[in-house]
Amino acid sequence: MDPISAVSEELAEINGQISDIFRALSNGFQKLEKIKDVNRQSRQLEELTDKMRECKRLIKEFDKEVKNMESRNDANTNRMLNEKKQSMIKELNSYVAMKKQYQSSLENNKRVDLFDGPNEGYGQDNVLLASSMTNQQLIDKGNQMMDETDQAIDRAKKVVHETINIGTETAAALKAQTEQMSRIVNELDSIHFSLKKASKLVRELGRQVATDRCIMALLFLIVMGVIAIIVVKIVNPNNKNIRDIPGLAPPAMTRRLLWTRD
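### Considerations on the overall build of the protein chain
Okay, so step 1: Within the protein chain, the regular secondary structure consists of five helices and two strands.
Okay, so step 2: In the protein chain, the order of α-helices and β-strands from amino to carboxyl end is α-α-α-α-β-β-α.
Okay, so step 3: Out of the 262 residues belonging to the protein chain, those deemed buried represent 17%.
Okay, so step 4: Considering only contacts within the protein chain whose residues lie at least 6 apart along the sequence, 58% involve residues at least 24 apart.
Okay, so step 5: Of the roughly 21,000 Å² that the protein chain leaves accessible, carbon and sulfur atoms contribute 56%.

See the structure below:
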């Protein structure tokens, strides 16, 4: 069992994180030795520097925790923890020294890449030291890089113009679709208004039809009553309980003629 784990789980966790960073730093510096490109070396050094900053922060936390527990631990435990802290600081300082050495080497050996391209695998034949190039080579290389830069700018301008055209067409299409949606909304409003008006007319027609039916039924009852009175008067003309209908003459009385014989 790790002796630090026996003292404190928190200290053991911090120690584990620091050990992981030291392994990452060791692998990172080994990888840095194989990188020939200046830009990639600079990026690798920046990543290693960030890891060293994180390691320094963790060592400070480790030291703070050790001081908080110092009164509760015995002398042997405190001596073991302090030795562990000093070992961490010493190892971190060694990586800091390596970082400074590589940084100085990068600043003293500026390289000029003769073959700019999308590939990142640069060989030793594709890189020359600026000090080994003649003035004419430097001028020719500078002119070549300026021409390539101009071509890249022209391509970028073309892309920008195409993007602007596409954006203009897209804006016009969106405007047309917005206007079409507005027209559809207006038509829907008109249809809704027409439906409400039609529903109102249907209700009014229904009321008129019901009124007409009532009138027709009343007229039918009146006609039937008149017909019934006429029939009764014809059948029983002497019935005085039934009044004469204005405009209708009573039935003619049968007259008998008396003939006398001389």
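### As for the pattern of salt bridges
Okay, so step 1: Summed over the entire model, instances satisfying the criterion amount to six salt bridges.
Okay, so step 2: Note that K67 is salt-bridged to D63, the shortest N-O span being 3.4 Å. Note that K67 and D63 are positioned in helix α3 (residues 38-69) at a spacing of four residues, about one turn of the helix.
Okay, so step 3: Look at K67 and you get exposed, because its relative accessible area is 54%.
Okay, so step 4: Each member of the salt-bridge network shares a partner with another, and the members are E54, R57 and E61.

### A closer look at helix α4 (residues 75-108)
Okay, so step 1: Between its terminal C-alpha atoms α4 stretches 49 Å, which fits the 50 Å expected from 34 residues at 1.5 Å a residue.
Okay, so step 2: Among all positions of α4, only T77, N78, L81, K85, M88, L92, Y95 and L106 are buried.
Okay, so step 3: The inward-facing, buried residues of α4 contact α1 (3-7), α2 (9-34) and α3.

### Section: a nonpolar patch on the surface
Okay, so step 1: Together, F220, L221, V223, M224, I227, V231, I234 and V235 make up an exposed nonpolar region whose accessible area comes to about 810 Å².
Okay, so step 2: Turning to its location among the elements, L221 is positioned in helix α5 (residues 135-235).
Okay, so step 3: Residue L221 is classed as exposed on the basis of its relative accessible area of 57%.

### Thoughts on the packing of α3 against α4
Okay, so step 1: Remark: α3 packs on α4, axes separated minimally by 10 Å, with the N-to-C direction vectors making an angle of 160 degrees. On the basis of their axis angle, the class for α3 and α4 is roughly antiparallel. Where α3 crosses over α4, the handedness of that crossing is left-handed.

Rules of the game
Residues numbered from 1 in each chain as written. Predicted model: local features only at pLDDT ≥ 70, side-chain atom pairs only at ≥ 80, totals over all residues. Heavy atoms only, no water. Helix = DSSP H or I, 4+ residues; strand = E, 2+ residues; numbered from the N terminus. Buried < 20%, exposed > 50% of the residue type's maximum accessible area, 1.4 Å probe, protein only. Contact = heavy atoms within 4.5 Å. Areas by Shrake-Rupley, 256 points an atom, 1.4 Å probe, with all protein chains shown as cover. Salt bridge = Lys/Arg side-chain N within 4 Å of Asp/Glu carboxyl O. Expected span 1.5 Å × (residues − 1). Patch = residues over 30% accessible without salt bridge, like charges linked within 9 Å, V, L, I, M, F, W, Y side chains within 5 Å. Axes fitted to C-alpha atoms, helices over the stretch in contact; angles between N-to-C directions. Parallel < 35°, antiparallel > 145°, perpendicular 65-115°, else oblique. Left-handed = near helix turned anticlockwise from the far one by under 90°.

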